Amino acid sequence: MAFTYSNETVMEAFRLYSQLAMNGAAAKERMQEYMADDEVRGLVDQFAAEVDSAVIAAGDELYLIPLVRLSPFHVSNDYMKKTYLRASAVNADLYLMYLAMIVFIGAFYDSYQSLEPTRSFLPLDEWAVLVQERIESLKEHDEEQLKAFEKEFSYNWPAIIEKWDTMDDIKETAKRQTGNTISRLSFLDSVRRFLLEQQLAEEVGAGELALTEKTRVIVERYFMELEYNRGILEFLYHLDERNKLAGEGEQHAVNLEN
């Protein structure tokens, strides 16, 4: 069944979509229009779907977010390197940056097993510890396994491990170091800038980050879904669950013996 829309409705939807496409967001008044008119909302959603994107309402704003890498609204790798990383950055830096963001979000949601945040903020130094835990988890796989997982998930896991391990573990400063080395905290500070500028995180204290409403909505709708995360969350955290179950089994055995 085909729907017939008035010219006024089509133009209103197009104006709203154009604002989203240009700015990535629309303010409160535009969100109210989007939420109040089913026809306008339906058309805007269709426009977004045509470019592999989705419109979400978070707080008092609307956001246009890309759902796939090929979406024209997806932030390109070259832009990420030039804007947030060093001039000498390579793909391994990007892989590590993506891993750091996954870990950041996972820290609020008990890895990938809950849809409600379990903490209110994350200090930068604790974030570094959590990334280190994921790196150690990756190291539990042998080289052949990591190569196989690289093909499956399109992440160069050995390069991520090497990139993190070669960074200076300097905890007293988040400033960039001289020469070709960079501290882990300095690297995470670059990721922090990206999260803040994309309104995915907000600062709530010195070196402390919290999730925005935008991120919470994205997590609820997309982040935990296998269709969008491609199993990466389960891969990164499944060893934790396996070890946890093994520990519970050992404890149960001890209890039986006693």
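The structure we're discussing is the one just above.
Since the structure is predicted, the reported quantities are computational estimates derived from the model, not experimental observations. (Residues numbered from 1 in each chain as written. Predicted model: local features only at pLDDT ≥ 70, side-chain atom pairs only at ≥ 80, totals over all residues. Heavy atoms only, no water.)

Peer 1: Got a sec to walk through helix H3 (residues 38–50)? Specific residues and values, please.
Peer 2: Counted at 1.5 Å a residue, the expected span for H3 with its 13 residues is 18 Å, and the 18 Å between its end C-alpha atoms agrees. All of the buried residues along H3 are Val 40, Leu 43, Val 44 and Ala 48. Mapping the buried residues of H3 onto a view down its axis gives an arc of 140°, with all of them on the same face. For H3, the exposed residues lying more than 90 degrees away from the buried face are Asp 38 and Glu 50. Taken together, the buried residues of H3 touch helix H1 (7–23), helix H2 (28–36), strand E2 (53–58) and strand E3 (61–66). Near the N-terminus of H3, the side chain that reaches the backbone nitrogen of Glu 39, with its oxygen 3.0 Å away, is that of Asp 37. (Helix = DSSP H or I, 4+ residues; strand = E, 2+ residues; numbered from the N terminus. Expected span 1.5 Å × (residues − 1). Buried < 20%, exposed > 50% of the residue type's maximum accessible area, 1.4 Å probe, protein only. Arc of directions from axis to C-beta. Contact = heavy atoms within 4.5 Å. Polar contact = N/O pair within 3.5 Å; in protein donor to acceptor, adjacent residues only side chain to side chain.)

Peer 1: Tell me about the pattern of salt bridges, and please be specific about residues and values.
Peer 2: Across all of its chains, the model carries 11 salt bridges by this definition. One salt bridge connects Arg 30 with Glu 33, and the closest N-O pair in it is separated by 2.8 Å. Taken as a pair, Arg 30 and Glu 33 lie in helix H2 at a separation of three residues, close to a single helical turn. Glu 126 serves as the salt-bridge partner of Arg 119, at 3.0 Å between the closest nitrogen and oxygen. Owing to a relative accessible area of 30%, Glu 126 belongs among the partly exposed residues under this scheme. (Salt bridge = Lys/Arg side-chain N within 4 Å of Asp/Glu carboxyl O.)

Peer 1: I'd love a proper account of the pairing of strand E5 (residues 201–205), names of residues and values included.
Peer 2: Where E5 lies against strand E6 (residues 208–211), four bridges are found, and the strand directions are antiparallel. Counterpart to Gly 205 in the pairing with E6 is Glu 208. (Pairing = 2+ DSSP bridges.)

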